[in-house]
Amino acid sequence: MNFIQDILVILIAAYMAWDNGTGNQITGNWPVTIGLLVGLVMGDVTTGLVIGGTLQLMSLGVAGIGGSSVPEYGVATIVSIFLAVRTGADTGTAIAVGLPVGMLTLQLDVVLKMINNVYAHWSLKLLQNKQFNKMDGVFYLTVVTWMMKYVIPVTLVVLFGTPIVDLVLQVIPVWFTNGLQIAGGMLPVVGIGLLLRYMPVKKYMSFLIIGYVVSAYLNVPVLGIALLGAAAAYIIYSNNVQKSEELFVETEGNASEGDDFDE
Amino acid sequence: MSKLTEKDRKSMFRRWIFGAGLGYNYESQQAPAVVFAMRKALRKIYPNDEEYIEAMENHYKYFNATPQMANIILGATLAMEEKDGLKAKEAVQSLKTSLMGPLSGVGDSVFWILIPTIMGSIAGYMALQGNAMGAILWMVMYIAFYWLKMWLCKVGYESGTKLITSLGKQISSFTDAVSVMGLMVVGSLIPTVVKMITPLEFSTGDVVLSVQTEIFDKIMPALLPVGLTLLVYYLLGKKNWTPTKIILLIIVISLVGAATGILGIA
């Protein structure tokens, strides 16, 4: 039974690597969806959801925009749930082991993107030599290689993780696990900081403040705030369109008006 | 040169969905996936080997766009090549490069920021209580997006070159509007999702004064999370502070805070 679970967990890791790279992420590598799957496989959906939910909130806003490399919270989720169910470690300890694994996985990301470069040149060579039918094969090879990004760390944990966690549980002091739990509460700030860096904060500061006030003082839940945001967005949009149409008439078709979004 | 059928266009779409971000490399980024997606449809447009190679080589050049929005661009590209063949080579390249920036601006805001942030916090809180509904809804929603993307590809194919002029005007207005919604949601996350409290207390005689409830909370709710957000925002603007370094910094602060009793579990 354990052996089958081991295999399935590794397969989830392979699937997650593929799904997250496709144009149609169904689970993506979001902790909460992956947590549900791993929980089902490990026969403990509640643990899966609690750990997935914790890591989901911890990682809000951390996204690999434009192919950038960010800590792999999806891998952290798989590893944490696997270890929690196998060793009986509590959520905090399991995440304390899973999160570093997710951060180490980031290093593999860089290596694999360099290997992909070799595949790209190989495929170009096949094209020039008119071996068109082999080109697809090279791309499938790229996909399998990419899966290794998650398969390697998860397999290592499946093979060697349990004794390590047992050891850690015996020697780890209380203030240390408490500290990690505090860190878990603070970590969502990284994602929020990244979002703010990416968005036009200086131009639309007022909406950031409105969001804070409505939530902190009035306790409106997030969907309510999203609707309020949609209302504000609609006003901004129709105003902008009106403005740019006036501009359009004035400059007679000079469409390349300086765009103000920064990357 | 033969006309593309709806089946050819949909096959291109499905091949793009299969591999969008998977060939990612530092030199040409998503180009290998573009080549994989376009290969069969282009073969139909260029039955001549030499022409086919020339057209395909064009697609080995740098491409990077939000996978969802790239459907519009690839659809338009297909329409141009079908209409003008190799004469459109330069135009195809400039269409791709000029659209990927603005379309990704919108796409990243919607598909990487707004939806994951809103769905993530709803599904995350539900999961903490052992409720799987949020996670399931999220997956159902993304499955439904398949048809949205198919439609985007169709829009791109049907508008072709007209796309730049018709989108150009509205797209920056749209990006702005979406950012406003995003900022409002982010503003609400600071006091709800970031947890940072201090258990410190001052006692004078019988009176015990809790720093958190008697001082910080009286000033404003979530004072410490707001301060922490400002600090992280500032650090992220510095060149040598990566997200990973900031995560490590926070873990160190938490460990020190726990050991000294300055920070507590919220």
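The shown structure was predicted, so the numbers you read here are calculated from the model rather than taken from an experiment.

## A closer look at the side chain of Arg39(B)
- Topologically, Arg39(B) is positioned in helix H2 (residues 31-45).
- A relative accessible area of 7% places Arg39(B) in the buried class.
- In this view, Arg39(B) contacts Phe132(A), Asn133(A), Met135(A), Asp136(A), Arg15(B), Tyr52(B) and Met56(B); residues no more than four positions away in its chain are not counted.

## Remarks on the nonpolar core
- Counting residues in hydrophobic clusters, the biggest one holds 165 residues, and the most contacted among them are Ile78(A) and Trp16(B).
- With 15 residues, helix H5 (residues 89-128) of chain B is the single largest residue contributor to this core.
- If we skip the residues at most four places from it in the chain, Trp16(B) touches Gly23(A), Gln30(B), Ala33(B), Val34(B), Ala37(B), Phe63(B), Pro67(B), Ala70(B), Asn71(B) and Leu74(B).

## Here's the deal with unusual backbone geometry
- In this structure, Gln29(B) is a non-glycine residue whose phi angle is positive, near 55°.
- With a relative accessible area of 11%, Gln29(B) lands in the buried category.

## Concerning the domain arrangement of chain A
- Along its sequence, chain A is carved into domain 1 (2-198) and domain 2 (205-251).
- Placing a centre on the C-alpha atoms of domain 1 of chain A and another on those of domain 2 of chain A gives a separation of 35 Å.

## Details of the domain arrangement of chain B
Residues and elements named next belong to chain B.
- Domain parsing of chain B yields domain 1 (6-191) and domain 2 (194-260).
- Taking the mean C-alpha position of each, domain 1 and domain 2 sit 40 Å from one another.
- Contacts between domain 1 and domain 2 engage four residues on the former and six residues on the latter.
- Across the domain 1/domain 2 interface, buried area totals approximately 340 Å², and carbon plus sulfur atoms make up 58% of it.
- When the buried surface of domain 1 facing domain 2 is broken down by residue, Tyr125, Ile190 and Pro191 rank first, second and third, together holding 93% of it.

The rules we used
Residues numbered from 1 in each chain as written. Chains lettered and ligands numbered in written order. Predicted model: local features only at pLDDT ≥ 70, side-chain atom pairs only at ≥ 80, totals over all residues. Heavy atoms only, no water. Helix = DSSP H or I, 4+ residues; strand = E, 2+ residues; numbered from the N terminus. Buried < 20%, exposed > 50% of the residue type's maximum accessible area, 1.4 Å probe, protein only. Contact = heavy atoms within 4.5 Å. Core = buried A, V, L, I, M, F, W, Y, C linked by side-chain atoms within 4.5 Å. Domains from an automatic or database assignment. Buried area = accessible area lost by both parts, 1.4 Å probe.

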